[in-house]
Each structure stands twice: as structure tokens, then as C-alpha cells.
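For reference, the chains in residue letters:
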Amino acid sequence: MMAMFGLIVSGRPVQTEFQPISEVQFVATIPDADSINHIVVFLTGAIPFPEGTAGQVYFSWPDPIAPPNWQPLGHISNMKPSAIFKISSLKKLEEMGNSMNILFGQSHIVHNAQIGIAIVPLSNISEVISPNNPSNNITFAHKMLDNFMNFVLSYSTTQPHMVPDPNATYVPLSAVQNWYTNFERRLQQNPNFWRT
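Residues numbered from 1 in each chain as written. Predicted model: local features only at pLDDT ≥ 70, side-chain atom pairs only at ≥ 80, totals over all residues. Heavy atoms only, no water.

Draft legend 1. Spatial organisation of the overall build of the chain. Scanning the chain from terminus to terminus reveals 2 helices and 8 strands. Reading the chain from its N end, one meets helices and strands in the order β-β-β-β-β-β-β-β-α-α. For the chain, buried positions account for 29% of its 196 residues. Here the contacts in the chain between residues at least 6 apart in sequence split such that 70% fall between residues at least 24 apart. Carbon and sulfur atoms form 59% of the exposed surface of the chain, whose accessible area is close to 13,100 Å². (Helix = DSSP H or I, 4+ residues; strand = E, 2+ residues; numbered from the N terminus. Buried < 20%, exposed > 50% of the residue type's maximum accessible area, 1.4 Å probe, protein only. Contact = heavy atoms within 4.5 Å. Areas by Shrake-Rupley, 256 points an atom, 1.4 Å probe, with all protein chains shown as cover.)

Below you can see the structure in the form of C-alpha cells.
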């Protein structure tokens, strides 16, 4: 049978061994995936998608004591025959090893990841928004700031209505508003300033 899909992992041979799970679902295993940051999934050109369909691409970091957790990465199609996906942020941090895994000379746990492709109608393709997109960072920050300001404002009171509490610390609302304005200005200048 001719291979429909291919998988590229940096420093490794091209992989075209996707195992059929059903007529429309295919899975490939990436051995020793701990150090992999990006993958490329592509159509080999041997077999196109049936008219009106595309391939939704998924990633799974198998857990030996739980069912697979398939996370959507994006899609490929006849019009978009290849795509690069970042998978490093999808790996479970707790599974990346800890100091107790150094016993008996084993310095890290070896994990095998899986890539799944489901052939679905084009109308069912769901776009996956990158969490590292600057516009997503700005949107998130604005929503977070608005939520914070609404929360703080819900506790605001005027001085005549204040009940003295020697255990409470009071911050002028103008100081919070000043912080909000400065944070928003810095976010507009550089959406990733908070990463440094």
C-alpha cells in the first residue's frame, strides 16, 4: 500500500509508516520524543485526500496509566499539503523526569509520542490557535487586566463609608489604575515584555 502521509522529525529519517486505525484514522509513533520540539506532517503526493476532506492532525503524549489524550495541532489538506507543528509545549512537565529518575544510571525517561491524522470533511476542520501568537497574548492580557480591574472595583468604597480595620492594608484605587495603564502601554509596545 502506498503511503499517504509523511512525518519529519529533525535529525531522523522521514517516516511514512502511519498505521491505519480505521478507514479514516491513522497513527504514527515517534520513538524517544523527549528532545523533539517541532515536527512536520505532510502528504506524500501518492494519494490525495478525497474531494471535500482534509486531515486533522493530533498529538498524544501517552500515559501508561491513562487513556490517550489527543491534542489537536492543526491540519493538512490537498491545498495545504504540509505543516510544521510545535510540540515541546504539549509535553507533560512532570513526565520529563525528576531527580528520583537518576537511579541505576538512568538519567532520563524515554517517551514515545504519537501523531494521529483523522480524515474529516473540510467543514469539520478546527483551526488551532497558537498560544505563542502575540495577538493572542495581547487578547489574554486585556481580558485578564479587565477582569482584575472589575474585581478590584467591586471592593471599592468611598472614605466616608469605610469602616476602620487595623489589620487591613489599603491601596488607593488610583495606584491600581496607574499600574493598569502602564502595563497596557508596555503590552502594546512589546506583547512579550513579560517573558523577560
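Draft legend 2. Seen up close, the pairing of strand β5 (residues 53-60). Where burial is concerned, most of β5 is hidden: 7 out of the 8 residues are buried. Two elements, β5 and strand β8 (residues 113-121), share 8 bridges in a ladder whose sense is antiparallel. Directly across from Ser60, in β8, lies its bridge partner Gln114. (Pairing = 2+ DSSP bridges.)

Draft legend 3. A look at unusual backbone geometry. Its identity as a non-glycine residue notwithstanding, Asp32 has a phi of 45°, on the positive side. Inspection of the secondary structure assignment puts Asp32 in the loop between β3 (25-30) and β4 (38-43). Look at Asp32 and you get partly exposed, because its relative accessible area is 34%.

Draft legend 4. Inspection of the sheet that holds strand β7 (residues 82-86) at higher detail. Strand order in the open sheet formed by 3 strands is β1-β4-β7, and the pairing between neighbours is antiparallel. Every interior strand has two partners, whereas the edge strands, β1 (5-9) and β7, have only one. Strand-to-strand twist in this sheet, taken as the mean axis angle between neighbours without regard to direction, amounts to 20°. Sheet topology places β4 next to β7; 5 bridges connect them, and they run antiparallel. (Axes fitted to C-alpha atoms, helices over the stretch in contact; angles between N-to-C directions.)

Draft legend 5. Quick peek at the nonpolar core. Grouped together as the largest cluster of nonpolar side chains are 26 residues, with contacts concentrated most on Phe5, Leu7, Ile30, Ile39, Val41, Ile76 and Ile115. The set of elements that each furnish at least two residues to this core consists of β1, β3, β4, β5, β6 (70-76), β7 and β8. Each residue touching Ile30, except ones within four places of it in the same chain, is listed here: Leu7, Val9, Arg12, Ile36, Ile39, His111, Asn112, Ala113 and Ile115. Ranked by size, the runner-up nonpolar core spans 9 residues in total, among them Ala141, Val176, Tyr180 and Leu187. (Core = buried A, V, L, I, M, F, W, Y, C linked by side-chain atoms within 4.5 Å.)

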